[in-house]
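Okay, here's what each chain looks like letter by letter:
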Amino acid sequence: MGGIFGFVGDLGDSFSNVLKSMSGAMVHRGQEVKDYFSVKAFYCGIVAYPWETGTRIVSAPDRSVTALCEGEIYNFKELVYSLGNNIDPETVNGFDLIHHLYSKYGEDFARKLNGVFAIALWDHRNGKLLFARDHLGSHSLFYAQTKEGLFFASTISALFSTGFVKREVDPASLDRYLASLALSPPNTMFKSVRAIRPGYIMTAHELRLQEHDYWRLWEVKEDYEKAEDQFSVELRGIFEDAVKIRAEYGGEVGALVSGGVDTSAVTEILAKLVHPKKLAGISIAFEEKAFSDASLQEILY
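Residues numbered from 1 in each chain as written. Predicted model: local features only at pLDDT ≥ 70, side-chain atom pairs only at ≥ 80, totals over all residues. Heavy atoms only, no water.

## Section: the overall build of the protein chain
(1) Moving on: Looking only at helices and strands, one finds 8 helices and 14 strands in the protein chain.
(2) Moving on: On C-alpha atoms alone, the protein chain measures out to a radius of gyration of 21 Å, which is about the 19 Å that the 2.2 N^0.38 rule sets for 301 residues.
(3) Moving on: Structurally, the protein chain occupies a C-alpha span of about 60 × 50 × 45 Å along its principal axes.
(4) Moving on: Pairs at least 24 residues apart make up 52% of the contacts formed inside the protein chain by residues separated by at least 6 positions.
(5) Moving on: Element-wise, carbon and sulfur atoms account for 53% of the exposed surface of the protein chain, whose accessible area totals about 17000 Å².
(6) Moving on: Distance between charge centroids for the protein chain: 6 Å, based on 31 positive and 40 negative side chains. (Helix = DSSP H or I, 4+ residues; strand = E, 2+ residues; numbered from the N terminus. Rg over C-alpha atoms; globule rule 2.2 N^0.38 Å. Contact = heavy atoms within 4.5 Å. Areas by Shrake-Rupley, 256 points an atom, 1.4 Å probe, with all protein chains shown as cover. Lys, Arg positive; Asp, Glu negative; His and termini not counted. Charge placed at Lys NZ, Arg CZ, Asp CG, Glu CD.)

Okay, structure coming up:
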């Protein structure tokens with residue numbers, strides 16, 4: 001998994017050192033590949049492993065829009081056809097389409113995406129920075145506003161590495177965590193650091209922050225009148241589709257088999273729909289029988 005980072009502000013000649021510090025703080029996210037980009041007051045970068053395709057910096061041809069992207073977009077072929085820009089779906093992935101989607105749909109471009117992602121988009125013409133996080137928050141994105149500018153990154157440690165973001169624990173967040181063992185965005189454990197909410201777009205224009213949702217979990221309603229047989233058929237279809245679009249996203253596919261219900265169900269769908277003749281399986285077993293699922297793994301194989 002790669003990572004994205006950057007800031008909007010004027011740090012003078014120290015901007016390159018700040019970018020290096022931020023990338024260095026995310027060595028665990030893929031230090032082998034680094035890429036930096038800057039335009040006017042916007043400075044950014046990514047870290048990724050050489051084999052990764054889901055972390056990248058993409059720009060419009062005139063560089064009016066630049067987007068840092070992390071994750072995967074599964075419905076990119078549908079997006080190509082909906083945009084109608086004579087783009088070959090075999091030569092792009094979903095992130096290559098971000099500036100096209102922003103040009104057509106504006107700040108609500110994330111409504112069109114099916115995937116898991118964290119996106120930071122710089123609108124050069126309007127001097128505006130946008131953040132987008134996937135529907136349920138599979139990928140994290142944090143930010144901190146200081147007198148030097150607005151900093152953002154996939155990890156909190158990258159924000160601290162700048163030297164401009166204070167490491168001060170928020171007592172209210174600590175209290176919430178000890179009460180429930182969880183924190184909900186935008187809260188984090190630190191006073192100066194905030195998290196982008198899942199299913200939200202946040203914009204920063206002249207360092208004024210505004211946010212709005214593009215998807216609402218609470219609008220998903222349960223139908224208690226539906227028969228169990230009908231419900232199971234619909235659920236099966238949704239589940240199969242979710243596994244299939246991920247398997248077809250790109251690259252070779254294998255299954256990590258734990259022996260539990262979830263990995264067993266995913267593996268069964270993969271074997272049936274995607275790789276009926278050959279599916280690579282990986283298992284981890286333990287010598288202590290009380291902790292080993294080897295017998296369940298054998299049943300699935």
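## Focus: unusual backbone geometry
(1) Moving on: That bond from Pro185 to Pro186 is cis: its omega, 15°, falls within 30 degrees of zero.
(2) Moving on: With a phi close to 60°, Arg63 is a non-glycine residue in the positive phi region.
(3) Moving on: Tracing the backbone shows Arg63 in the loop between β4 (55–59) and β5 (65–73).
(4) Moving on: Positive phi is not limited to glycine here, since Leu181 has a value of about 60°.
(5) Moving on: By the element assignment, Leu181 lies in the loop between α5 (171–180) and β10 (194–195).

## A look at the state of the cysteines
(1) Moving on: Enumeration over the complete set of coordinates arrives at 0 disulfides.
(2) Moving on: In this structure Cys44 is not part of a disulfide, and its nearest cysteine sulfur, from Cys69, lies 10 Å away.
(3) Moving on: The buried category is assigned to Cys44, whose relative accessible area is 0%. (Disulfide = S-S within 2.5 Å. Buried < 20%, exposed > 50% of the residue type's maximum accessible area, 1.4 Å probe, protein only.)

## Some words on the nonpolar core
(1) Moving on: Within the largest apolar cluster, 31 residues are counted, with the highest numbers of intra-cluster contacts made by Leu97, Ile98, Phe109, Leu113, Phe117, Ile119 and Leu121.
(2) Moving on: Broken down by secondary-structure element, the contributors of at least two residues to this core are β5, α2 (76–83), α3 (98–105), β6 (115–123) and β7 (128–133).
(3) Moving on: Beyond its immediate sequence surroundings of up to four residues, Leu121 is in contact with Val65, Thr66, Ala67, Ile98, Tyr102, Phe109, Lys128, Leu129 and Leu130.
(4) Moving on: Among the nonpolar cores identified, the runner-up in size contains 21 residues, and Val8, Phe42, Leu150 and Ala204 belong to it. (Core = buried A, V, L, I, M, F, W, Y, C linked by side-chain atoms within 4.5 Å.)

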